[in-house]
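In case you want the letters, here they are:
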Amino acid sequence: MGLSLLLASHSPRRRQLLVQAGFEFESISSRVAEKFDVDFTVRELTLWNAVHKGISIARTHPDKVVLAADTLVALDDEIIGKPNDLKDAARVLRRLSNRSHDVCSAVFVCHLAGGRSTSLHEISRVRFRRLRKANIDNYLAKVNPLDKAGAYSAQGCGAEIIDKIEGSYTNVVGLPMEQTIRVLRQFGITPRGLC
């Protein structure tokens, strides 16, 4: 029997991406509080969060291959996390309006019993449309922004506010699948029907 995959997250977006790619896995949420420190770069911060979430789960499930990830938005090197409330979400969307920003995800994969781990980063560039108050109000009426870095999601109604994505679309959703699939394969984890 091969190794099994454990996603260290209850993110519906990450779960959906893995299911769509054909992976079989369980998911469990980490109790590690995400770090948000302005002295870190967006790469450092996402990696710190992904590693700490992954290790916290791997310690109690050492025989499983654990996948953890963290995604943040950076505008002009300023890190933008999840909004505090709807007013804050509207403020964030106004700041992103008609501008380009980076979406950075870090992915950490480990198998403690095998003594193996690896990590990766992916950065995509996202250009927003010019958003007026009515556009922002309409978007926030349809989407819950409070669990999303940058107060938005690329999927669903994302086309209403996003003009263009350069790089990995799935990275903007929350898990860069192109690189994640490659890394999981190195741990012996493949989608159903693939060897």
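This report concerns the structure included in the present document. (Residues numbered from 1 in each chain as written. Predicted model: local features only at pLDDT ≥ 70, side-chain atom pairs only at ≥ 80, totals over all residues. Heavy atoms only, no water.)

1. Things to note about the overall build of the protein
Stated precisely, the cut-off is as follows: Helix numbers and strand numbers start at the N terminus; a helix is a DSSP run of H or I with at least 4 residues, a strand a run of E with at least 2. Atoms considered for the radius of gyration are the C-alpha atoms alone. The globule rule reads 2.2 Å times the number of residues to the power 0.38. Three exposure classes are used, based on accessible area relative to the maximum for each residue type with a 1.4 Å probe and protein chains only: buried under 20%, partly exposed in between, and exposed over 50%. All accessibility values rest on the Shrake-Rupley procedure with a 1.4 Å probe; residue burial counts only the protein chains present in the view.
A tally of regular secondary structure across the protein gives six helices and seven strands. Helices and strands appear in the protein in the N-to-C order β-α-β-α-β-β-α-β-β-α-β-α-α. In summary, the protein has a C-alpha radius of gyration of 17 Å against a globular reference of 16 Å for 195 residues, a match within 12%. Over its C-alpha atoms, taken along the principal directions, the protein stretches across nearly 55 × 35 × 25 Å. In the protein, which comprises 195 residues, the proportion classed as buried is 48%. Total accessible area on the protein is roughly 9800 Å²; 48% of this is exposed by carbon and sulfur atoms.

2. Thoughts on the packing of aromatic side chains
We count it as follows: For Phe, Tyr and Trp, rings pair up if their centres lie within 6.5 Å, where Trp contributes its six-membered ring, and each pair is then called stacked (planes under 30 degrees apart), edge-to-face (over 60) or tilted (otherwise). A positively charged side chain is recorded as over a ring if its NZ (Lys) or CZ (Arg) lies within 6 Å of the ring centre. The angle to the ring normal must also be within 35 degrees.
Evaluation of the coordinates by the stated rule reveals one aromatic pair. Each ring, one from Phe128 and one from Tyr152, has its centre 4.8 Å from the other, and the planes form 75 degrees; the classification is edge-to-face. Residue Phe128 is located in strand S6 (residues 116-128), and its partner Tyr152 is located in the loop between helix H4 (133-142) and strand S7 (162-166); the two are separated by 24 residues in the primary sequence. Considered together, Phe128 and Tyr152 belong to a single accessibility category, that of buried residues. Of note, Arg116 hangs over the ring of Phe187, and the distance from its end group to the ring centre comes to 4.1 Å.

3. Regarding the nonpolar core
Basically, it comes down to this: Side-chain atoms within 4.5 Å link the members of a nonpolar core, which is a set of buried Ala, Val, Leu, Ile, Met, Phe, Trp, Tyr and Cys residues.
Among the nonpolar cores identified, the biggest contains 47 residues, and Leu67, Leu93, Val109, Phe128, Tyr152, Ile161 and Leu175 are the most heavily contacted of them. Looking at this core, the element that brings in the most residues is strand S3 (residues 65-75), giving seven residues. Judged by nonpolar contacts, the second largest core, of 10 residues, contains Leu6, Ala8, Ala106 and Cys110.

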